[in-house]
Amino acid sequence: MTKFLVDKAANIPEGKLKNITAGGKEIVIANVEGEYYAINDICTHAGAELHEGVLEGNELVCPWHGAKWNVQTGDLIWFPQKLKNQQSYNVVVEGDNVFVEI
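For clarity, every value in this text was computed on a predicted model and none was experimentally measured.

Bringing the overall build of the chain into the picture now. Check the secondary structure of the chain and you find zero helices and ten strands. Shown N-terminal to C-terminal, the secondary structure of the chain runs as helices and strands in the order β-β-β-β-β-β-β-β-β-β. Out of the 102 residues belonging to the chain, those deemed buried represent 38%. In the chain, of all internal contacts separated by at least 6 residues, the share reaching a separation of at least 24 is 40%. Accessible surface, the chain as shown: approximately 5,500 Å² in total, 44% of it carbon and sulfur. The distance from the centre of the 8 positive side-chain charges to the centre of the 14 negative ones in the chain is 5 Å.

Structure follows, in structure tokens:
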């Protein structure tokens, strides 16, 4: 696995999202109650960028059609159709820095 720097922890406050491209993948990082989680940033329904959505607790709501994803696991929580789950990634905090492992 390769570790990619996301940002300083202070730049991703609680309840906020941050997107990066790392290892050829579009990834969204979420801060849920001080813990960081990472999943694919592209909705498996119609290709929306999930970082433009809304984070409600551990649920990330797609900005286009309202699909809900669990940012802790990448699992689909709600949508009228069955969608493929998002891949999740390990997030590591070292000092003030947040990294994602791919």
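Anyway, onward from the coordinates.
Another point: the pattern of salt bridges. What the rule picks out here adds up to three salt bridges. A salt bridge links Glu 94 to Lys 3; its shortest N-O distance comes to 2.5 Å. Of this pair, Glu 94 sits in strand E9 (residues 88–94) while Lys 3 is found in strand E1 (residues 3–8), placing the two residues 91 residues apart along the sequence. The partly exposed category is assigned to Glu 94, whose relative accessible area is 37%. Judged by relative accessible area, Lys 3 falls into the partly exposed class, the value being 38%.

Before going further, it helps to examine the sheet that holds strand E7 (residues 68–70). Here four strands make up an open sheet; going across it, the order is E5-E6-E7-E8 and the pairing antiparallel. Since the sheet does not close on itself, it has two edges, and those belong to strand E5 (54–56) and strand E8 (76–78), each with one partner. Neighbouring strand axes in the sheet, compared pairwise and without regard to direction, differ in orientation by 30° on average. One ladder, built from three bridges, connects strand E6 (residues 59–61) with E7; its direction is antiparallel. Paired with Val 61 across the two strands is Lys 68, which belongs to E7.

Soluble globular proteins tend to bury their nonpolar side chains together. Judged by nonpolar contacts, the single largest core of 15 residues is most densely connected at Ile 39, Leu 50, Leu 60, Trp 69 and Val 71. Sort the elements by how many residues they give to this core and strand E3 (residues 25–32) lands first, with three residues. Residues in contact with Leu 60, not counting those within four places in the same chain, are Leu 17, Val 28, Ile 39, Leu 50, Gly 53, Val 54, Leu 55, Ala 67, Lys 68, Trp 69 and Val 71. Within the second largest apolar cluster, 13 residues are counted, among which are Ala 9, Ile 29, Tyr 36 and Tyr 89.

The next subject is the pairing of strand E2 (residues 17–22). Bridging between E2 and E3 involves six bridges; their strand directions are antiparallel. Each bridged residue has a counterpart across the sheet, and for Asn 19 the counterpart in E3 is Val 28. Here E2 folds back onto E3 in antiparallel fashion, the turn holding two residues, of which Gly 23 has a positive phi close to 60°.

Basis of the calculations
Here, residues in each chain are numbered from 1, in the same order as that chain's written sequence. The model is predicted, so local features are restricted to residues of pLDDT at least 70 and side-chain atom pairs to those at 80 or more, both for listing and for counting; the totals for chains, interfaces and linings are taken over all residues. Values shown for side chains rest on all heavy atoms present in the structure; no hydrogens or waters enter the calculation. A helix here means a DSSP run of H or I that spans at least four residues, while a strand means a run of E at least two residues long, and both kinds are numbered starting from the N terminus. Accessibility here uses a 1.4 Å probe with only protein chains present; expressed as a share of the type maximum, an area under 20% marks a residue as buried, one over 50% as exposed, and anything in between as partly exposed. In this description, contact between two residues means that some pair of their heavy atoms is separated by no more than 4.5 Å. We get accessible surface area from the Shrake-Rupley algorithm with a probe of 1.4 Å; when it comes to residues, only the shown protein chains can shield them. When charges are counted, neither His nor the chain ends are considered; positive counts come from Lys and Arg and negative counts from Asp and Glu. Throughout, a charge is located at the NZ atom of Lys, the CZ atom of Arg, the CG atom of Asp or the CD atom of Glu. The salt bridge definition used is simple: a Lys or Arg side-chain nitrogen within 4 Å of an Asp or Glu carboxyl oxygen. The rule for pairing is simple: two strands pair if DSSP sees at least two bridges between them. To obtain each axis, a line is fitted to C-alpha atoms, and for helices this fit is confined to the stretch in contact; angles are then taken between N-to-C directions over 0 to 180 degrees. The nonpolar core is taken to be a set of buried Ala, Val, Leu, Ile, Met, Phe, Trp, Tyr and Cys residues, with the residues joined through side-chain atoms within 4.5 Å.

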